[in-house]
Amino acid sequence: MFANPSVEQISAEALRELQLTRLQKQLRWAGEKCSHYRESFAEAGVSAKEVQELDALQNFPLLPRGGLQGKNAFDFLTMPLSSLLRISYMHSGQDEDNVFVHFATNGDIAHHVEQMTRSLVACGLHNAALVGILGDGADSRLMDIHYASEFIGAAVTMLGQDKKKWPQMLDFVTPETLIGTPKRLAELDDILQQKGSGLSELPLARIICLHASVPSSSLVTSVNDLAPAKVYHMLALPFLGTAAPFLPCEPSKFIFHLQEDYTMAEIIDPATKKPSAGSGELVLTSLAAEAMPVIRLCTGLMVEPAAGPCSCGRTHSRFRLLVG
């Protein structure tokens, strides 16, 4: 199933044209409006005016892994607070004390929800589905999932963060789609087992597991084994403020399409920082971000291209995440 076939099955030539137009605009916006990029572009002697092809992006400075986390969030903000619609505070990875601040405009949220709609449809979500989300609206990533689910037409219940209430809430309304982090899914399974059942006893069609950082292979296996339902693994990196743009289409695997109309990818050798034709570190550049663009951000994610056309029919590039 497709949420937007014209984009999800876009031709390579049309995608390159769209990316170049958006990249030129994004670099101009970041260089003019964002203090960090204005200074780093000037220091590197590069300008958006020079970008006439996609490969020219490689001339722009890399933003090291943790570069967003280690600096004042306002250094990456492009507009006054009065122009924003959402300010989110999210935990970075597994560190509960390491909080990342993300800013978003109305346009940013619309783009996130559009991409999340595509991802959820790729996971099989439909207008007759009942979705349970382990968490609440304090997390911007979950808000995008909530809005996208409702846009599809699915009924959504936010189960909150109080795990003691989860069994009672699930008794009242039992979802067929469950969404949460590995930690919360495991906590729910433990609580249900204490009451004599477990996630395996719920009539689940699918589980969507959100990872804020690279999981271990053992963690992926443990999540896959929680229930007989299809398990889709989705990256929800804090510095993007959303679980978009990573679109999973294969259950149980850590392979994703990158929604390249909104985000451009490079793979570099982590040692030399030069382009890599095979495996390497994933570097991301936003193509339509308004409040908080990211330009050549080193994600710390080790990936390799998934060659060949995808059986789902989507034409955007696929990557396999190399988990430990």
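The structure contained in this document is the topic of the report that follows. It should be emphasised that the depicted structure is a prediction, and the values quoted were computed from it without experimental measurement.

Here we come to the sheet that holds strand β13 (residues 318-321). The strand order across the open sheet built from six strands is β8-β9-β13-β12-β11-β10, with neighbouring strands paired in antiparallel fashion. Unpaired on one side and paired on the other, β8 (246-248) and β10 (263-268) mark the two borders of the sheet. Averaged over all adjacent pairs, the angle separating strand axes in this sheet is 50°, with direction ignored. Of the strand pairs in this sheet, strand β12 (residues 297-305) and β13 are connected by three bridges, and their pairing is antiparallel. If you follow Val303 over to β13, its bridge partner there is Leu321.

Turning our attention to the nonpolar core. Judged by nonpolar contacts, the single largest core of 46 residues is most densely connected at Leu23, Leu27, Tyr37, Leu68, Leu235 and Phe246. Elements supplying a minimum of two residues to this core: α2 (12-33), α3 (35-44), β2 (95-104), β9 (255-258), β10, β11 (280-286), β12 and β13. Contacts of Leu27, omitting those with residues within four sequence positions, involve Phe41, Ala48, Val51, Leu57, Phe60 and Ile295. Within the second largest apolar cluster, 24 residues are counted, among which are Val121, Val131, Ile145 and Met234.

Viewed as axis vectors pointing N to C, helix α4 (residues 106-122) and helix α5 (residues 140-152) meet at an angle of 65°, and their least axial separation amounts to 8 Å. In the crossing of α4 with α5, the sense of the turn from one axis to the other is right-handed. Of α5, the residues touching α4 (which contributes Ile109, His112, Val113, Met116, Thr117, Leu120 and Val121) are Asp144, Ile145, Tyr147, Ala148, Ser149, Phe151 and Ile152. Of the residues assigned to the contact of α4 with α5, the class counts are ten nonpolar, three polar and one charged.

To continue, consider α3. Every buried residue of α3 is listed here: His36, Tyr37, Ser40 and Phe41. Viewed along the axis of α3, the buried residues span an arc of 115°, placing them on a single side of the element. Residues of α3 that are exposed and angled more than 90 degrees away from the buried face: Glu39, Ala42 and Glu43. Contacts from the buried residues of α3 go to α2.

Each value, and the rule that gives it
- Sequence order sets the numbering: in each chain, residues are counted from 1 along the sequence as written.
- Per-residue local features of the predicted model are confined to residues with pLDDT of at least 70, and side-chain atom pairs are confined, for both listing and counting, to 80 or more; whole-chain, interface and lining totals are unaffected and use all residues.
- Side-chain descriptors were evaluated using all non-hydrogen atoms of the structure, hydrogens and water having been removed beforehand.
- Paired strands, in this sense, are two strands between which DSSP finds at least two bridges.
- Only DSSP runs of H or I covering at least 4 residues are called helices, and only runs of E covering at least 2 are called strands; the numbering of each starts at the N terminus.
- Orientation is described by axes fitted as lines to C-alpha atoms, over the contacting stretch for helices, and by angles from 0 to 180 degrees between their N-to-C directions.
- The definition of a nonpolar core used throughout is a set of buried Ala, Val, Leu, Ile, Met, Phe, Trp, Tyr and Cys residues joined through side-chain atoms within 4.5 Å.
- When a residue's accessible area, from a 1.4 Å probe over protein chains only, is under 20% of the maximum for its type it is buried; when over 50% it is exposed; and in between it is partly exposed.
- Contacts are residue-level and defined by heavy atoms, with any inter-residue pair within 4.5 Å sufficient.
- Crossings are classed by handedness, with left-handed meaning an anticlockwise turn of the near helix from the far one by less than a right angle and right-handed meaning a clockwise turn.
- Under the grouping applied here, Gly and all other residues not named as nonpolar or charged are polar, the nonpolar ones being Ala, Val, Leu, Ile, Met, Phe, Trp, Tyr, Cys and Pro and the charged ones Asp, Glu, Lys and Arg.
- Think of it as the arc spanned by the lines of direction from the helix axis to the C-beta atoms.

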